[in-house]
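# Descriptive structure summary
Chain residues, written in single-letter form:
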Amino acid sequence: MKYTATVTWQKQLGEAFEKGRYSRVHQWSFDGGMTIAASSSPSVVPLPMSDASLIDPEEAFLASLSSCHMLFFLSIAAKKKIVVEKYEDHISGMMGPDTEEKMAMLTATLDPVIIFSGEQPSTATIREIHELAHQSCFIANSVKTKIEIITR
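Residues numbered from 1 in each chain as written. Predicted model: local features only at pLDDT ≥ 70, side-chain atom pairs only at ≥ 80, totals over all residues. Heavy atoms only, no water.

Helix and strand content of the chain: two helices and eight strands. Seen along its three principal axes, the alpha-carbon backbone of the chain occupies a region of about 60 × 40 × 30 Å. Looking at the chain as a whole, 32% of its 152 residues qualify as buried. Restricting the contact set of the chain to residue pairs at least 6 apart, pairs at least 24 apart contribute 49%. For the chain, the accessible area works out to roughly 9,900 Å², and carbon and sulfur atoms hold 57% of it. Here the chain carries 14 positive and 18 negative side-chain charges, and the mean point of each set is 3 Å from the other. (Helix = DSSP H or I, 4+ residues; strand = E, 2+ residues; numbered from the N terminus. Buried < 20%, exposed > 50% of the residue type's maximum accessible area, 1.4 Å probe, protein only. Contact = heavy atoms within 4.5 Å. Areas by Shrake-Rupley, 256 points an atom, 1.4 Å probe, with all protein chains shown as cover. Lys, Arg positive; Asp, Glu negative; His and termini not counted. Charge placed at Lys NZ, Arg CZ, Asp CG, Glu CD.)

Here's what the structure looks like:
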């Protein structure tokens, strides 16, 4: 399977590119037609060269991990006949220097709140589904970030 996206940036008239004084705002376009405005994080590149209202690569990385995990969680729960009414994850990540002193997303903590229909599955069952989802997640299997999952 091949996946594609297009990332586009355009220098704005009058920007002092060679001095690092240029906007980091750009667009992500996907094969389904969705276009998303993106920017560097203001914690990496200061305002006004970043736009805090737009998605940044670090947020997208975390959302991708969370989304992948959730989709596998839902699929596994459905196969077990456990009905999920709502799944809301409050994922967070910590950046810092890795063992090679390169800045990296060191940890990602998934903190999902899940509402089920009918009988509430046991904590052990929920933990098992999370573990299976984590093992199945393509994104989690592709990164060296330590991923933690809070289960209730």
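Attention now goes to the nonpolar core. Grouped together as the largest cluster of nonpolar side chains are 11 residues: Phe73, Ile76, Ala77, Ile82, Val84, Tyr87, Ile114, Phe116, Ile126, Ile129 and Ala133. With sequence-adjacent residues up to four places away left out, Tyr87 is seen in contact with His69, Met70, Phe73, Leu74, Pro112, Val113, Ile114 and His130. (Core = buried A, V, L, I, M, F, W, Y, C linked by side-chain atoms within 4.5 Å.)

Right, let's get into unusual backbone geometry. Following Leu47, the chain continues into Pro48 via a peptide bond in cis, with omega recorded as 5°. For Pro48, the position within the fold is in the loop between β3 (35-38) and α1 (57-79). Non-glycine residue Lys81 carries a positive phi angle of around 65°. Relative to the assigned elements, Lys81 resides in the loop between α1 and β4 (84-89).

A few words on the packing of aromatic side chains. By the definition in use, this model includes five aromatic pairs. Ring geometry for Phe17 against Tyr22: centres 4.6 Å apart, planes inclined by 35°, an arrangement best described as tilted. The class for Phe17 is partly exposed, based on a relative accessible area of 41%. Here the aromatic residues Trp9, Phe17 and Tyr22 are joined through ring pairs into a cluster of three or more. Between the NZ or CZ atom of Arg24 and the centre of the ring of Tyr22, over which it lies, the distance is 3.7 Å. (Phe/Tyr/Trp six-rings, centres within 6.5 Å; stacked < 30°, edge-to-face > 60°. Lys NZ or Arg CZ within 6 Å of the ring centre and 35° of its normal.)

This brings us to the sheet that holds strand β2 (residues 26-30). The sheet built from three strands is open, its strands ordered β1-β2-β3 with antiparallel pairing. Pairing within the sheet leaves two strands with one partner each, and these edge strands are β1 (5-8) and β3. Averaged over all neighbouring strand pairs, the angle between strand axes comes to 20°, with direction disregarded. Pairing of β2 with β3 involves four bridges; the strand directions are antiparallel. In the sheet register, Trp28 faces β3, and the bridge partner there is Ile36. (Pairing = 2+ DSSP bridges. Axes fitted to C-alpha atoms, helices over the stretch in contact; angles between N-to-C directions.)

A word on the sheet that holds strand β5 (residues 92-97). Strand pairing within a sheet occurs via backbone hydrogen bonds; the two strands may be parallel or antiparallel. Spatially, three strands are ordered β5-β6-β8 in an open sheet, and the strand pairing comes out mixed. The open sheet is flanked by β5 and β8 (146-149), the only strands paired with a single partner. For this sheet, the mean angle separating the axes of adjacent strands, direction not counted, is 20°. Strands in contact with α1 are β5, β6 (103-110) and β8; relative to β6, the strand with the most contacts, it is inclined by about 40°.

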